Amino acid sequence: MRPITPGPEPITPGPGPVIPGPGPTTGGPESELADTVIERLTAVYPSAADPVRAEGAAAYMKGIAPFLGIPTTERRALSRTVLAGTARPGEADCTAIALRCWQLPEREYQYFAVDYLRRYAGRCSSGFLPVARHLVATKSWWDTVDLLAAHVVGPLVAADPRLVAAMDEWIADDDMWIARTALLHQLRFKGDTDADRLFDYCLRQSRHPGFFIRKAIGWALREYAKTDPHAVRSFVASARDRLAPLSVREALKNL
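Residues numbered from 1 in each chain as written. Predicted model: local features only at pLDDT ≥ 70, side-chain atom pairs only at ≥ 80, totals over all residues. Heavy atoms only, no water.

**Q** Explain the overall build of the protein to me, please; I cannot follow it from the model alone.
**A** Regarding its fold elements, the protein presents 13 helices and 0 strands. Reading the secondary structure of the protein in the N-to-C direction produces α-α-α-α-α-α-α-α-α-α-α-α-α. Burial analysis of the protein (255 residues in total) assigns 53% to the buried set. (Helix = DSSP H or I, 4+ residues; strand = E, 2+ residues; numbered from the N terminus. Buried < 20%, exposed > 50% of the residue type's maximum accessible area, 1.4 Å probe, protein only.)

**Q** Got a minute to help me understand the packing of helix 6 (residues 129-137) against helix 9 (residues 176-184) in this structure?
**A** Axes are the key here: two packed helices are described by the angle between their axes and the distance separating the axes. Interaxial distance between helix 6 and helix 9 falls to 8 Å at its minimum, and their mutual angle equals 120°. The pairing of helix 6 with helix 9 is recorded here as oblique in orientation. In this structure, helix 6 crosses over helix 9, and the sense of that crossing is right-handed. Residues R133, V136 and A137 of helix 6 pack against W177, I178 and T181 of helix 9. Here the residues of the contact of helix 6 with helix 9 sort into 4 nonpolar, 1 polar and 1 charged. (Axes fitted to C-alpha atoms, helices over the stretch in contact; angles between N-to-C directions. Parallel < 35°, antiparallel > 145°, perpendicular 65-115°, else oblique. Left-handed = near helix turned anticlockwise from the far one by under 90°. Contact = heavy atoms within 4.5 Å. Nonpolar A, V, L, I, M, F, W, Y, C, P; charged D, E, K, R; others polar.)

**Q** Mind showing me how you'd approach the nonpolar core here?
**A** In summary, soluble globular proteins display a tendency toward joint burial of nonpolar side chains. One finds F112, F128 and L221 to be the most contacted residues of the largest nonpolar core, which totals 84 residues. The contacts of F112, once residues within four sequence positions are left out, are V37, L41, Y45, R75, S79, V82, L83, I97 and C101. (Core = buried A, V, L, I, M, F, W, Y, C linked by side-chain atoms within 4.5 Å.)

**Q** Mind showing me how you'd approach the pattern of salt bridges here?
**A** Should the charged atoms of two oppositely charged side chains come close, the side chains can pair. Here the structure, examined in full by the defined rule, presents 14 salt bridges. In this structure, D173 and R133 form a salt bridge, with 2.7 Å as the shortest nitrogen-oxygen distance. On the criterion of sequence distance, the pair formed by D173 in the loop between helix 8 (164-170) and helix 9 and R133 in helix 6 is long-range, its members being 40 residues apart. A cluster of three or more residues bridged by salt bridges with shared partners is formed by K215, R222, E250 and K253. (Salt bridge = Lys/Arg side-chain N within 4 Å of Asp/Glu carboxyl O.)

**Q** What am I meant to see in the packing of helix 6 against helix 7 (residues 142-159) here?
**A** Following both chains from N to C, one finds helix 6 and helix 7 inclined at 170°, their axes separated by 10 Å at the closest point. Our classification of the angle between helix 6 and helix 7 gives roughly antiparallel. Together, L129, A132, L135 and V136 of helix 6 and V145, L148, V152, V153 and L156 of helix 7 make up the contact between the two elements. Of the residues contributing to the contact of helix 6 with helix 7, the split by class is 9 nonpolar, no polar and no charged.

**Q** Hey, could you run me through unusual backbone geometry in this one?
**A** Generally, phi is negative for residues other than glycine and the peptide bonds are trans, each holding for most cases. Not every positive phi belongs to a glycine, and K139 is a case in point at roughly 50°. Residue position: K139 is located in the loop between helix 6 and helix 7. For K190, which is not glycine, the phi torsion reads 50° and is therefore positive. Mapped onto the secondary structure, K190 falls in the loop between helix 9 and helix 10 (195-204). Residue classification places K190 among the exposed positions, given a relative accessible area of 59%.

**Q** Looking at this structure, how should I read the environment of D143?
**A** Along the chain, D143 falls in helix 7. Taking the relative accessible area as the measure of exposure, D143 reaches 8% and is therefore buried. In this structure the C-alpha to C-alpha distance between D143 and R107, which are 36 residues apart in sequence, comes to 9.7 Å. If near-sequence neighbours (up to four positions away) are discounted, D143 is found in contact with M61, R107 and Y111. Separated by 2.8 Å, the side chains of D143 and R107 make a polar contact. Of note is the side chain of D143, whose polar atom sits 2.5 Å from the side chain of Y111. (Polar contact = N/O pair within 3.5 Å; in protein donor to acceptor, adjacent residues only side chain to side chain.)

**Q** It is not clear to me how the side chain of T181 should be interpreted in this structure. Could you clarify?
**A** The topology assignment puts T181 in helix 9. If we ignore the near neighbours within four places in the chain, the residues touching T181 are V136, V145, A149, V153 and W170.

**Q** Mind showing me how you'd approach helix 7 here?
**A** The end-to-end C-alpha separation of helix 7 is 24 Å, in line with the 26 Å expected for 18 residues at 1.5 Å each. At A149, helix 7 is deflected by roughly 40°, the largest bend along its length. By the criterion of burial, helix 7 is predominantly enclosed, with 13 of the 18 residues buried. (Expected span 1.5 Å × (residues − 1). Bend = angle between axes of the 7 residues up to and from the residue.)

In short, geometric facts, not functional conclusions.
Here is the structure:
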């Protein structure tokens, strides 16, 4: 296990824009690629809308946003049509596409943005982290937050260890979705997981009353147990009196 270290000096954002606090109205930087993608997207997706399915999806997702009612498989096929012939994006393009999708009302547009960022996370520098934070903290629900945590924030941190210092801040954030992202950002790290930091994060949030934090603690531990089951068993045994029963059940589910 690697020791917990504070990391070097705080990261200075790169060329990507720094997104201010909650509720920015900006659509991000100018981007011809984003112009093309959003124009196509807002023409293609509504053509497949299903109002009945949309009503059910909105109810299932607790009213976080209205839906068009497009099933995932069909939506991703439509996305391929939208992106056909488009160039690979740069970081500014990723920023513009994501922020513009986040401004659109229906949830499927946010799903498009998340899929796009998952595909092109490697095109983004550490300067993209403020954008990712804004996406996590806006229109927040598990359906976007968890994918952003594991497939966008995680790769950014893996590519630039200086961002670990930001995760150390996020885990203490009052916004539970930011804290959940810190808990889950190592989900795909496997043998590169900083286990000491993971366990520390779990303990720091172990008294949180919220379901989504307690569940995330268990999920993060269960995932790491696939790599080092002994370490997870030992941690849970030593911290059982501090962990919520839900976290313990989730952590040990496959052990």
